[in-house]
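What the coordinates show
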Amino acid sequence: MSELYFEKLNITGRRIGKPSWFPAIRELIKSEISAKLDEDDGLFIGFGMFSDGLPYTLQDDYDHPPETLTFKAAVLENRYLKAVFLPELGGRLWSLFDKENQRDLLLTNTQLLPCNLAIRNAWFAGGVEFNCGRRGHDEQTMSPRFAAVVETEKFPVLRIYEYQRDRETPFQYDCFLPDDSRFLYIRGRIWNPGKTMVPMYWWSNIAVPEVKGSRVVVPAETVFANWYSGGSHALAKLTMPDGEGFDASYPENFDYVKDHFYNIPENKRRYETLFYPDGYGFCHVSTRRLRGRKLFVWGQSQGGRHWNRKLLGPGLEAYIELQAGLARSQQECLPMPPETAWEWLEGYGALPMAPDKVFGSWDDAVKNVTAELDKVIPESQLDELLTGTRQSVALKPGKVVVKGSGWGALEELRLGEKLTGHLDFGEVQSEQLPWVELLKENKMSVASPDSYMVSDNFFRKLLEAEKSWQTAYFKSLNYYRRNDLERAEKEIAALDGEYSGKHILHLLANIRRKQGKIQEAAELICQAGKLALSDASFIKEVLKMLLELKAYRMMAELFSALPSEVREKKLVKFMYAGALAHTGKLDEAENILLADGGLDIPDIREGENSTSELYIFIQQEKAKAAKRSIAPEEVEVPFILDLRMSGK
């Protein structure tokens, strides 16, 4: 019998502290994408991308020793499967256990180890992550989402849902496990209630162990291969499985980090499978709304192995990801019409097969796997289940068990009506109160802003609001988001020095940075940092910006004024080492990098090569001082400093 129950789950890991107060207005995820495609491929490359992290702040406070963390877990279980969800961690499917074969279907991490990979910085590996709205590991990946129990006549349903702020859309995924099912079902639904089209993104990211000899089988003859280079991306269309110059259906064959977006033809069913050497397989299937499928590998290089070590707890070596999305690649969003719902059904389960059926030729493997899936979980069955659960599950109200954010409630307050008839977004919370004041009283009096809105609807309200430094600041921020730097600057200038706190200085420094006024930008951000010396999160941001502006002496001066607890933050120490190296103090910089076995920085950004680049720079400068020369590729970068995702 299928059951749904809740329990406490204890996980060793690094806790995440309070989010930063400042808006994420520097580029966090690069949108530099090049593509060599055919004219009839029809991908929406670059559509719906953002050049900043607004309206969000950062979750970057996790440079702490591991401790025991406790979360509320939702468990779906029948006689074949046990699925554990963590609503407080973005609604992540934490684990899926095959009771019949006594095997884990997913990679279940042994520790919670946040690293800097998401829109808001913090992200962790393992299980299945559900991303909605904008490209990337989304803003709620380490925040609570709403969880509700939906009672039906046939089986209990766990509903995870939220309000997506970038697109102003509610979304949900209803999870259920029928009594005799060997598959866990996830029923997705996104609703665009607005009167205009919005760019939409959805990807379900599935972590599975990387095992030597395992093979990915998917019904595609071509693939859009994505190459990473310092955070930028290059997409090229290749044949499967040998377009890379090796058999790319075996994850172990990749040297470097790579995405393979499989180009599944319109007339093929949607699935992706991974088979281990003994023939045991993990299978993900869906209805045709989720057209995209992807393989992500960290690769066999030193940098890729290091990323695996950073993200995985004891007892785990390496993982890959199988992913499924609305579009055919993650370098695009799809245009979602107004007043439209998009729905689909995903199935997660085991697919054991004889090894000779899946480890032969590519064409034979695809044919055999497709035939087996058609017997085990026919596509017509998925379609019927999707249609049959629309009224009985998807549109049925549930009982809230875990509360999510207050942003949906704020939007309902603005609209004066519910976003949907079946999703309960509760009440506004403290984070939304300044915006409630704007809606109700046409003014803003918050002493120290720490939440932001850049939607057109709230921008219009700001333009009509009573004058204050707060409304001037928020208007300037909205102009900045729209790349109207002249008006952004005028709003701050109109304050005439009436207020010059860290918020204004931070924003004005970024305006100057975008204007190319480097010296002034550096002076302003340094001034802002001196107003908040004990705020480690903001000091990291200040130092990052000074490093970007090559203001090395300012960095050293600021570092000397920091309290010891901030100086000891590993990312702060690393950036200080950069300042030392670029002011000729090479030995001091190198000592910081290599002390105590090397500087292992939890919150270094994915795609950054700054650690290896700094080490190489130091070695080249030391060689130059000794009247020698050494090429970058000749420098042996220590493992602890090597996070390169592509070749040397």
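First, a word on what this report is: a plain description of the structure on this page. The shown structure was predicted, so the numbers you read here are calculated from the model rather than taken from an experiment.

The next subject is the overall build of the protein chain. Secondary structure assignment for the protein chain yields 18 helices and 26 strands. For 648 residues, the compact-globule estimate of 2.2 N^0.38 gives 26 Å, and the C-alpha radius of gyration of the protein chain, at 25 Å, lies within 12% of that figure. Each of the three principal axes of the protein chain carries a C-alpha extent, and together these read 70 × 70 × 50 Å. Looking at the protein chain residue by residue over its 648 residues, the buried ones come to 61%. For the protein chain, contacts bridging at least 24 residues in sequence account for 71% of all contacts bridging at least 6. Surface exposure of the protein chain reaches about 24,900 Å², of which carbon and sulfur atoms provide 48%. With 82 positive and 94 negative side-chain charges, the protein chain shows a separation of 2 Å between the mean positions of the two kinds.

For the structure on display, the rule yields 46 salt bridges. When the shortest N-O distance is used, the salt bridge between Lys237 and Asp38 registers 3.1 Å. Here Lys237, found in strand S18 (residues 232–239), pairs with Asp38, found in the loop between strand S2 (33–36) and strand S3 (67–77); they are 199 residues apart in sequence, far enough to count as distant. Overall, the relative accessible area of 25% leaves Lys237 in the partly exposed class. Look at Asp38 and you get partly exposed, because its relative accessible area is 42%.

Cis peptide bonds are those with omega within 30 degrees of zero, and the linkage from Leu54 to Pro55 qualifies with 10 degrees. With respect to the helices and strands, the residue Pro55 is situated in the loop between S2 and S3. Unusually for a residue other than glycine, Asn442 sits at a positive phi of about 60 degrees. With a phi close to 60 degrees, Lys550 is a non-glycine residue in the positive phi region. With respect to the secondary-structure elements, Lys550 resides in the loop between helix H13 (536–548) and helix H14 (552–561). When its relative accessible area of 60% is taken as the criterion, Lys550 is described as exposed.

With respect to the element layout, Leu326 can be found in the loop between strand S23 (319–325) and strand S24 (334–336). Among all residues touching Leu326, those that are not within four sequence positions of it are Ile190, Met200, Tyr201, Trp202, Arg289, Leu290, Arg291, Gly292, Leu334, Trp342 and Trp344.

For a regular strand, the rule is simple: side chains alternate between the two faces of the sheet. Here strand S4 (residues 81–86) lies mainly inside the structure; five of its six residues are buried. Of the strand pairs in this sheet, S3 and S4 are connected by four bridges, and their pairing is antiparallel. Residue pairing for S4: Ala74 is matched across the bridge by Phe85. Following S3, the chain reverses through three residues before pairing antiparallel with S4. In the sheet, S4 pairs with strand S5 (residues 92–98) via six bridges, with the strands oriented antiparallel. Paired with Phe85 across the two strands is Leu93, which belongs to S5.

Moving on, we come to the side chain of Asp63. Mapping Asp63 onto the fold places it in the loop between S2 and S3. Among buried Asp, Glu, Lys and Arg side chains, Asp63 stands out as unpaired, with Lys570 the closest opposite charge at 4.8 Å. A polar side-chain atom of Asp63 sits 3.1 Å from the main-chain amide nitrogen of Lys570. The contact partners of Asp63, leaving out residues within four places of it in the chain, are Lys569, Lys570 and Pro602.

Okay, the packing of helix H7 (residues 433–441) against helix H8 (residues 456–464) next. Here H7 crosses H8 at 60 degrees, and the two axes come no closer than 10 Å. When the interaxial angle is binned, H7 and H8 end up oblique. Seen along the crossing, H7 lies across H8 with a hand that is left-handed. Along the contact surface, H7 presents Trp435, Leu438 and Leu439, while H8 presents Phe458, Lys461 and Leu462. For the contact of H7 with H8, the per-class residue count stands at five nonpolar, no polar and one charged.

Attention shifts here to the environment of Glu221. Examined against the element boundaries, Glu221 turns out to sit in the loop between strand S16 (215–217) and strand S17 (222–229). In this structure the C-alpha to C-alpha distance between Glu221 and Leu238, which are 17 residues apart in sequence, comes to 8.8 Å. When neighbours within four sequence positions are excluded, Glu221 is seen to be in contact with Leu238, Thr239 and Met240.

Right, let's talk about the packing of helix H9 (residues 469–481) against helix H11 (residues 502–515) for a bit. The contact between H9 and H11 brings their axes to 11 Å, and the two run at 25 degrees. With respect to H11, the element H9 is oriented roughly parallel. Handedness of the crossing formed by H9 with H11: left-handed. Residues Trp469, Tyr473, Ser476, Leu477 and Tyr480 of H9 form the contact with H11, whose own contacting residues are His503, Ile504, Leu507, Asn510, Ile511, Arg513 and Lys514. For the contact of H9 with H11, the per-class residue count stands at seven nonpolar, three polar and two charged.

In this section: the packing of aromatic side chains. In total, this model carries 30 aromatic pairs according to the counting rule given. Geometrically, the ring pair formed by Phe22 and Phe538 is tilted, given 5.5 Å between the ring centres and 55 degrees between the ring planes. You can see Phe22 sitting in the loop between strand S1 (3–13) and S2 and its partner Phe538 sitting in helix H13, a full 516 residues away along the chain. According to the relative accessible area criterion, Phe22 is buried, its value standing at 1%. Their ring planes at 90 degrees and their centres at 5.8 Å tell us that Phe146 and Phe425 sit as a pair that is edge-to-face. With Phe146 in strand S10 (residues 146–150) and Phe425 in the loop between helix H6 (407–415) and H7, this pair connects stretches of sequence that are 279 residues apart. Here Phe146 falls in the buried class, since its relative accessible area comes to 3%. Three or more aromatic residues joined by ring pairs form one cluster here, namely Trp435, Tyr452, Phe458, Trp469, Tyr473 and Phe474. Sitting above the plane of the Phe50 ring, Arg134 keeps its charged end 4.1 Å from the centroid. Stacked on the ring of Trp307, the Lys or Arg Lys310 has its end atom at 5.8 Å from the ring centre.

Across the sheet, nine strands lie side by side as S16-S20-S21-S25-S13-S12-S11-S10-S26; this open sheet has antiparallel pairing. Each edge of the sheet is formed by a strand with only one pairing partner; in this case those strands are S16 and strand S26 (399–402). Taken over all neighbouring pairs, the strand axes of this sheet differ in orientation by 20 degrees on average, direction set aside. Relative to strand S21 (residues 281–286), strand S20 (residues 270–275) runs antiparallel, the two being bridged by six bridges. Paired with Leu274 across the bridge in S21 is Phe282.

Conventions adopted
Residues numbered from 1 in each chain as written. Predicted model: local features only at pLDDT ≥ 70, side-chain atom pairs only at ≥ 80, totals over all residues. Heavy atoms only, no water. Helix = DSSP H or I, 4+ residues; strand = E, 2+ residues; numbered from the N terminus. Rg over C-alpha atoms; globule rule 2.2 N^0.38 Å. Buried < 20%, exposed > 50% of the residue type's maximum accessible area, 1.4 Å probe, protein only. Contact = heavy atoms within 4.5 Å. Areas by Shrake-Rupley, 256 points an atom, 1.4 Å probe, with all protein chains shown as cover. Lys, Arg positive; Asp, Glu negative; His and termini not counted. Charge placed at Lys NZ, Arg CZ, Asp CG, Glu CD. Salt bridge = Lys/Arg side-chain N within 4 Å of Asp/Glu carboxyl O. Pairing = 2+ DSSP bridges. Polar contact = N/O pair within 3.5 Å; in protein donor to acceptor, adjacent residues only side chain to side chain. Axes fitted to C-alpha atoms, helices over the stretch in contact; angles between N-to-C directions. Parallel < 35°, antiparallel > 145°, perpendicular 65-115°, else oblique. Left-handed = near helix turned anticlockwise from the far one by under 90°. Nonpolar A, V, L, I, M, F, W, Y, C, P; charged D, E, K, R; others polar. Phe/Tyr/Trp six-rings, centres within 6.5 Å; stacked < 30°, edge-to-face > 60°. Lys NZ or Arg CZ within 6 Å of the ring centre and 35° of its normal.

Distances and angles like these do not, on their own, reveal function.
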